[in-house]
Amino acid sequence: MLEGLIKKGQTYIVGVSGGADSMALLDLVRRQGIKVIVAHVNYNLREDTQEDYDVVHNYCMHYGIPFAYKEVVHEEHSGNFQAEAREIRYNFYKELYVKYHASGVILGHHYDDHVETIYMYFQRGSQSDYIGIAPKSIVKGMVILRPLLDMRKQELREYCHEHAIKFHDDYTNFMTDFERDRVRNTILNHYSDEDKQALVLKAEAMNQKIAQEMIVIDQLLENYHQRGFLLLSELPEDATRSFFHFFNEKIDAKKISQHLIKEALHQLHSEQPNIAFALPEGYQLVKAYDRFWLEKQEAQEDYSYQREDESLFDCPYFKVQKEGPKNNGIRPKREDYPLTIRNIRKGDKIHTKGGTKKVSRLFIDRKIPAEKRKKWPIVLNKDQEILLVPALAKHKDYLEDEPAIYIIPL
């Protein structure tokens, strides 16, 4: 069971609680000659935790195994204890992992734990890239190894009895205070071996499908990293998992609900050519025609600059140059000064050869992305009449003049 996952000659951290599962695991790796550091955490939430400590500590002392201990002092417990305990435990593993230059952390999860996790996944309908407990995973940058997933809990207890290995049961595992304990002690204890195996087979089939989806997702994310955007045409028919990973690059997974993903996809596939859909943690999903990407929302500030002459100028939004595309150029009249160069305002219109045009309509017709429209420079004379929308339109009275200055949007 250890072959392929764990290699001799390397150092591993082993999480040992003192129960039959972890004590059997510790004995198995010791017998295989694996170099390990034992990590034991006392959460001080039961009155008999000293017995856990004694079981693990005495075994380590007997066989000369390095023993690392962490004691947690709780002033007052609140929130999700199991999540808090897991965070404490894995942070402790990480300290030891770095200190001893470990190759992995070995944990005693077994077949029954695997079945419980599968059952809870199907009950919750949550998002996961692996249904059940994986033999190998990465947590906090650590390689996590679980070599006992093919063994039942009863087999591990029998192993301890057969080899005279002391262990101490955590009596809270037989209660129903936590969801996993309730599932274990009131539901799955009534499942037959065939029922449990059916759950496992269902999960394995879905894991194979997920693995194929992940190949597509990895390619999508690689495209995104290279280009900075994705195309709508690249999305698979069911893009739910793809979007979870797309969002998760910037946003905490706990804040990415199925409802959020569904609404984001609805917005993308709407007929609106440009959208900015708000997301958690200050991000937004931006769509510009057939492209979309994530960006940090920034407060849009209007800008306005006055120019008294034809001298060169640059700012974060545009440049004034002596050369450039003709559609970006204009030759202001003396009476036009001072010029104002600013971004769009509600109701902006320009008098063109073809008639009066709304600036907002020019942006739409030329398919200027929404995020660029907010910063696009517009040139006005001293009477606030629009003379030029660079690259898009020019006032009808300035069409024939050779440009003196060119306004280049950035």
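A brief structural summary. (Residues numbered from 1 in each chain as written. Predicted model: local features only at pLDDT ≥ 70, side-chain atom pairs only at ≥ 80, totals over all residues. Heavy atoms only, no water.)

Section: helix H4 (residues 111-124)
Filter applied, for reference: Secondary structure is summarised from DSSP: a helix means a run of H or I of at least four residues, a strand means a run of E of at least two, and numbering begins at the N terminus for each. Expected span of a helix: the number of residues minus one, times 1.5 Å. Between buried and exposed lies partly exposed: a residue is buried under 20% and exposed over 50% of the maximum accessible area for its type, with that area taken using a 1.4 Å probe on protein chains only. Whether two residues are in contact is decided by their heavy atoms, any of which lying within 4.5 Å being enough.
Helix length check: H4 (14 residues) gives 20 Å between terminal C-alpha atoms against 20 Å at 1.5 Å per residue, within 8%. Judged by how many residues are buried, H4 sits mostly within the fold: eleven of 14 residues are covered. Taken together, the buried positions of H4 are Tyr111, Asp112, Asp113, His114, Val115, Glu116, Thr117, Ile118, Tyr119, Met120 and Tyr121. Each element contacted by the buried residues of H4 is listed here: helix H5 (153-162), helix H6 (179-186) and helix H7 (193-227).

Brief notes about the side chain of Asp48
In plain terms, the rule: The definition of a polar contact used here is a pair of N or O atoms within 3.5 Å, where within protein one atom must be able to donate a hydrogen and the other to accept one, and adjacent residues in sequence count solely through side-chain atom pairs.
Here Asp48 shows up in the loop between strand S2 (35-42) and helix H2 (49-63). Take Asp48: its relative accessible area is 12%, and that puts it in the buried class. Polar contacts involving the side chain of Asp48 include one to the side chain of His168, which spans 3.4 Å.

Structural notes on the environment of Phe244
Topologically, Phe244 is positioned in helix H8 (residues 240-248). Taking C-alpha positions, Phe244 is 46 Å from Leu387, a pair spaced 143 residues apart along the chain. If near-sequence neighbours (up to four positions away) are discounted, Phe244 is found in contact with Gln127, Ala253, Ile256 and Ile261.

Remarks on the packing of H4 against H7
How two helices sit against one another is set out by the angle between their axes and by the gap between those axes. What counts here: To get an axis, fit a line to the C-alpha atoms, keeping to the stretch in contact for a helix; angles then go from 0 to 180 degrees between the N-to-C directions. For classification, angles of less than 35 degrees are called roughly parallel, those exceeding 145 degrees roughly antiparallel, those between 65 and 115 degrees roughly perpendicular, and all remaining angles oblique. By definition, any crossing whose near helix is turned counterclockwise from its far helix by less than a right angle is left-handed, and any crossing with a clockwise turn is right-handed.
The contact between H4 and H7 brings their axes to 10 Å, and the two run at 65 degrees. Here H7 runs roughly perpendicular to H4, going by the angle between their axes. Of the two possible hands of crossing, H4 and H7 adopt the one that is left-handed. When H4 is examined against H7, the residues Tyr111, Asp112, His114, Val115, Ile118, Tyr119 and Phe122 are found in contact with a partner set consisting of Lys196, Gln197, Leu199, Val200, Lys202, Ala203 and Met206.

Focus: the sheet that holds strand S15 (residues 339-342)
Here is the rule: Two strands form a pair only when DSSP identifies at least two bridges running between them.
On the basis of which strands lie adjacent, the open sheet formed by five strands has the order S11-S15-S18-S19-S20 and antiparallel pairing. Looking at strand neighbours, the two that pair on one side only are strand S11 (304-307) and strand S20 (393-394), the edges of this open sheet. Relative to strand S18 (residues 378-380), S15 is paired through three bridges, and the arrangement is antiparallel. Among the inter-strand pairings, Arg342 is bridged to a residue of S18, identified as Ile378.

Here we look at the pairing of strand S8 (residues 274-278)
Note: S8 against strand S9 (residues 283-288), five bridges, orientation antiparallel. Note that in S9 the partner of Asn274 across the bridge is Ala288. With antiparallel pairing between neighbouring strands as the criterion, S8 and S9 make up a hairpin whose turn holds four residues, including Glu281 at a positive phi of roughly 60 degrees.

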